[in-house]
Amino acid sequence: GNSVTQMEGPVTLSEEAFLTINCTYTATGYPSLFWYVQYPGEGLQLLLKATKADDKGSNKGFEATYRKETTSFHLEKGSVQVSDSAVYFCALSVPNQGGKLIFGQGTELSVKP
Amino acid sequence: EAGVAQSPRYKIIEKRQSVAFWCNPISGHATLYWYQQILGQGPKLLIQFQNNGVVDDSQLPKDRFSAERLKGVDSTLKIQPAKLEDSAVYLCASSLGLAGDRETQYFGPGTRLLVL
């Protein structure tokens, strides 16, 4: 079946450190891939997405590249800030299945000053 | 543009009681989703509507959960009777449609349910 696996958290970094959160997927066909972020006390927000192989999604300094050969969509940021502290969810949607999202379990990021 | 609205934000009930959640999607969004997010897990789809028709309810526990989207706009999700394992955040999301950029889902703040 379709599934998403994320690296376990929590991840704790110092401000200005480099961030990588790993995400791999299993899917039939050619899924679209997403990163959502959930700040404390708020709802899920779309961070970035990619819809085909080798596409790079980017937003707010975050990037992720759709790697079909390794079935991965790792999230990266060159220099994290305290305000990036949140829970990050990797997700996929499979064509012709109504657009429903299948989420990973989430990775909590804590950035210390 | 107003986002997805949900109410109530918090609800505490005892097991075997009933509860209902309400969602108002972004204006013009044809597709509406209800997800259940148990603590420490990612959200899982319960039911999906396209206008006022059900597209996918395969993961909805139909013996206790029900949902409707009358007139293709607002939606309600009901649990009757509630069990302890229903404690979770219930998220509503909406999208313009089902393909390309129209499939991007926008989430409401969620309703946090605690069943005692």
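In this report, the structure presented in the accompanying data block is examined. (Residues numbered from 1 in each chain as written. Chains lettered and ligands numbered in written order. Predicted model: local features only at pLDDT ≥ 70, side-chain atom pairs only at ≥ 80, totals over all residues. Heavy atoms only, no water.)

## So, the packing of aromatic side chains
By convention here, two paired aromatic rings are described through the distance between centres and the angle between planes. All names here are of chain A. What the rule picks out here adds up to 12 aromatic pairs over all chains. Ring centres of phenylalanine 34 and tyrosine 36 lie 6.3 Å apart, and the angle between their planes is 35 degrees; this geometry places the pair in the tilted category. Comparing phenylalanine 34 with tyrosine 36, the two get one shared label, buried. Aromatic pair phenylalanine 89 and phenylalanine 103: ring centres 6.2 Å apart, planes at 90 degrees, arrangement edge-to-face. Of the two residues, phenylalanine 89 sits in strand 10 (residues 86-93) while phenylalanine 103 sits in strand 11 (residues 102-103), which places them 14 residues apart along the sequence. On the basis of relative accessibility, which here comes to 9%, the residue phenylalanine 103 falls in the buried class. (Phe/Tyr/Trp six-rings, centres within 6.5 Å; stacked < 30°, edge-to-face > 60°. Buried < 20%, exposed > 50% of the residue type's maximum accessible area, 1.4 Å probe, protein only. Helix = DSSP H or I, 4+ residues; strand = E, 2+ residues; numbered from the N terminus.)

## Concerning a nonpolar patch on the surface
Together, Ile12, Leu114 and Leu116 of chain B line one region of the surface with nonpolar side chains, adding up to about 300 Å² of accessible area. Structurally, leucine 116 of chain B is set in the segment after strand 11 (111-115). (Patch = residues over 30% accessible without salt bridge, like charges linked within 9 Å, V, L, I, M, F, W, Y side chains within 5 Å. Areas by Shrake-Rupley, 256 points an atom, 1.4 Å probe, with all protein chains shown as cover. Salt bridge = Lys/Arg side-chain N within 4 Å of Asp/Glu carboxyl O.)

## Quick look at the state of the cysteines
All names here are of chain A. In total, this model carries two disulfides over all chains according to the counting rule given. With its sulfur 2.0 Å from that of its partner, cysteine 23 forms a disulfide with cysteine 90. Since a negative S-S torsion denotes a left-handed disulfide, the cysteine 23-cysteine 90 link at about -70 degrees is left-handed. One end of the pair, cysteine 23, is in strand 4 (residues 23-26); the other, cysteine 90, is in strand 10, and 67 residues separate them in sequence. Classification of cysteine 23 by relative accessible area gives buried; the value is 1%. (Disulfide = S-S within 2.5 Å.)

## Examining the environment of glutamine 105 of chain B
Its place among the elements puts glutamine 105 of chain B in the loop between strand 9 (88-95) and strand 10 (106-107). The exposure class of glutamine 105 of chain B is buried, given its relative accessible area of 1%. Taking C-alpha positions, glutamine 105 of chain B is 9.6 Å from cysteine 92 of chain B, a pair spaced 13 residues apart along the chain. Apart from the residues within four sequence positions on either side, glutamine 105 of chain B is in contact with Tyr36, Gly99, Lys100 and Leu101 of chain A together with Tyr33, Tyr35, Ala93, Ser94 and Ser95 of chain B. There is a polar contact of 2.9 Å between the side chain of glutamine 105 of chain B and the side chain of tyrosine 35 of chain B. (Contact = heavy atoms within 4.5 Å. Polar contact = N/O pair within 3.5 Å; in protein donor to acceptor, adjacent residues only side chain to side chain.)

## Focus: the sheet that holds strand 3 (residues 19-24) of chain B
All names here are of chain B. Across the sheet, four strands lie side by side as 1-3-8-7; this open sheet has antiparallel pairing. The open sheet terminates on both sides in strands that have one partner only, identified here as strand 1 (5-7) and strand 7 (65-68). For this sheet, the mean inter-axis angle between neighbouring strands, taken without regard to orientation, is 15 degrees. One ladder, built from four bridges, connects strand 7 with strand 8 (residues 75-79); its direction is antiparallel. Counterpart to alanine 67 in the pairing with strand 8 is leucine 77. (Pairing = 2+ DSSP bridges. Axes fitted to C-alpha atoms, helices over the stretch in contact; angles between N-to-C directions.)

## Description of the interface of chain A and chain B
Contacts between chain A and chain B engage 19 residues on the former and 21 residues on the latter. In total, about 1400 Å² of surface goes out of reach between chain A and chain B, with carbon and sulfur atoms giving 50% of it. Here chain A and chain B share one salt bridge between them. Here aspartate 56 of chain B and lysine 100 of chain A are joined by a salt bridge, their closest N and O atoms 3.5 Å apart. Along the contact surface separating chain A from chain B lie five residue pairs in polar contact (both at pLDDT 80 or more). Listing elements by their share of the side of chain A that touches chain B, those giving two or more residues are strand 5 (32-38), strand 6 (44-50) and strand 10 of chain A. For the side of chain A that touches chain B, the element with the most residues is strand 5 of chain A, which contributes four residues. Residue composition of the side of chain A that touches chain B, by class: seven nonpolar, 10 polar and two charged. (Buried area = accessible area lost by both parts, 1.4 Å probe. Nonpolar A, V, L, I, M, F, W, Y, C, P; charged D, E, K, R; others polar.)

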